[in-house]
Amino acid sequence: MRIVVCVKHVPDIQGERSLGEDGRVVRDGGDGTLNELDENAVEAALALVEARAQEGDEVVALTVGPDDAVEAVRRALQMGAHRAVHVLDDAVAGADAVGTAQVLAAAVRRLGEEAPVDLVVTGMAGLDGLTSLLPTLLGELLGVAALPLASHLEVEGGTVTVRRDLDHATETLRAALPAVVSVTDAANDPRYPGFKQIMAARKAPVTVLSLDDLGLDPALTGAAGARTQVLLARPRPPRQDRVLVQDTGDGGARLAAFLVERGLV
């Protein structure tokens, strides 16, 4: 089985984040990290391969982005991925979800020329954009089924089965391989790499590909191919309607009265 895991390098969610004058997320703060939800995707792929324990099975970590995006695939290598691929091309700058999906789909097709790709796994969302569009877009571009928001997945024979835990229902979905699956943070507990794995990942080779290598027209991605545009962005203004209540023993009663007065209970 050959699994491609799409991972993303994002600004640290605990750090200061902002949009530049061009409407793009500022990514040069030096505090980027592997998208936390993508760790669940890497773990899901590794668990599938380890459960099979068959020689030749492979997990390939794939990312697209500027130079520092390589840290995302190196983190995947630390966790146990067998190979890393980084699509690096200035023409990708400014890509929206559709443009990013175009690049990733082209990279998956390129990898498929070497050996068949059975499954593409992603996290449920990127914590910088939070669109959750990528898995479905990838499925459409690759011409395969997309099964998003899986809290559990398993592969048997040529079929992938996922369970989706929704607010008021649980769904079981099945599709023939190849397919695209996105997993939630409830799917597993990502492993923490040991020192040996961390050091080995620092020296592991990373395959770097350009749009020319993928045979992808630059007009389909980057700012030139973006279908969305940020027209205006401002910092959220501080709230002016806050009420600070000093608890002198009757805080609970005053809070209850506040909620009742506004029809919140």
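Please refer to the structure higher up on the page.
Note that the coordinates shown come from a computational prediction; the quantities given were computed from them, not determined experimentally.

Enquirer: Which parts of the structure should I look at to understand the overall build of the protein?
Expert: Secondary structure assignment for the protein yields 8 helices and 12 strands. Taken along its principal axes, the extent of the C-alpha atoms in the protein is 70 × 45 × 40 Å. In the protein, the share of contacts with a sequence separation of at least 24, taken over all contacts with a separation of at least 6, comes to 70%. Of the accessible surface of the protein, which amounts to about 15,300 Å², a share of 50% is contributed by carbon and sulfur atoms. Charged side chains of the protein number 25 positive and 39 negative; the gap between the two group centres comes to 2 Å.

Enquirer: Whenever I open this one, a negative patch on the surface confuses me. Can you help?
Expert: Taken together, the side chains of D67, D68, E71 and D90 define an acidic patch exposed on the protein surface. With respect to the helices and strands, the residue D68 is situated in the loop between β4 (58–64) and α2 (70–79). Looking at D68, the relative accessible area reads 30%, which means it is partly exposed.

Enquirer: Hey, could you run me through the packing of α2 against helix α5 (residues 195–203) in this one?
Expert: Between two packed helices, both the angle of their axes relative to each other and the distance between the axes serve to describe the pair. One can describe the packing of α2 onto α5 by two numbers: an axis separation of 8 Å at closest approach and a directional angle of 135°. Compared by their axis directions, α2 and α5 come out oblique. The hand of the α2/α5 crossing is right-handed. Facing α2, whose interface residues are R74, L77 and Q78, α5 presents Q197, I198, A201 and R202. A per-class count over the contact of α2 with α5 returns 3 nonpolar, 2 polar and 2 charged.

Enquirer: Looking at this model, I keep getting lost on the side chain of N188. Mind explaining?
Expert: By the element assignment, N188 lies in the loop between β11 (179–183) and α5. Among the polar contacts listed, one links the side chain of N188 to the side chain of N40, at a separation of 3.0 Å. Dropping the residues within four chain positions of it, N188 is found in contact with N40, E43 and A44.

Enquirer: Teacher, can you tell me more about the environment of V5 here?
Expert: If you trace the backbone, V5 turns up in strand β1 (residues 2–6). For V5, a relative accessible area of 1% puts it in the buried group. In the structure, V5 is positioned 118 residues away from G123 in sequence and 8.7 Å away in space, judged by C-alpha atoms. Beyond its immediate stretch of four places on either side in the chain, V5 contacts A41, V42, A45, V59, V60, A61, L62 and V121.

What counts and how
Residues numbered from 1 in each chain as written. Predicted model: local features only at pLDDT ≥ 70, side-chain atom pairs only at ≥ 80, totals over all residues. Heavy atoms only, no water. Helix = DSSP H or I, 4+ residues; strand = E, 2+ residues; numbered from the N terminus. Contact = heavy atoms within 4.5 Å. Areas by Shrake-Rupley, 256 points an atom, 1.4 Å probe, with all protein chains shown as cover. Lys, Arg positive; Asp, Glu negative; His and termini not counted. Charge placed at Lys NZ, Arg CZ, Asp CG, Glu CD. Patch = residues over 30% accessible without salt bridge, like charges linked within 9 Å, V, L, I, M, F, W, Y side chains within 5 Å. Salt bridge = Lys/Arg side-chain N within 4 Å of Asp/Glu carboxyl O. Buried < 20%, exposed > 50% of the residue type's maximum accessible area, 1.4 Å probe, protein only. Axes fitted to C-alpha atoms, helices over the stretch in contact; angles between N-to-C directions. Parallel < 35°, antiparallel > 145°, perpendicular 65-115°, else oblique. Left-handed = near helix turned anticlockwise from the far one by under 90°. Nonpolar A, V, L, I, M, F, W, Y, C, P; charged D, E, K, R; others polar. Polar contact = N/O pair within 3.5 Å; in protein donor to acceptor, adjacent residues only side chain to side chain.

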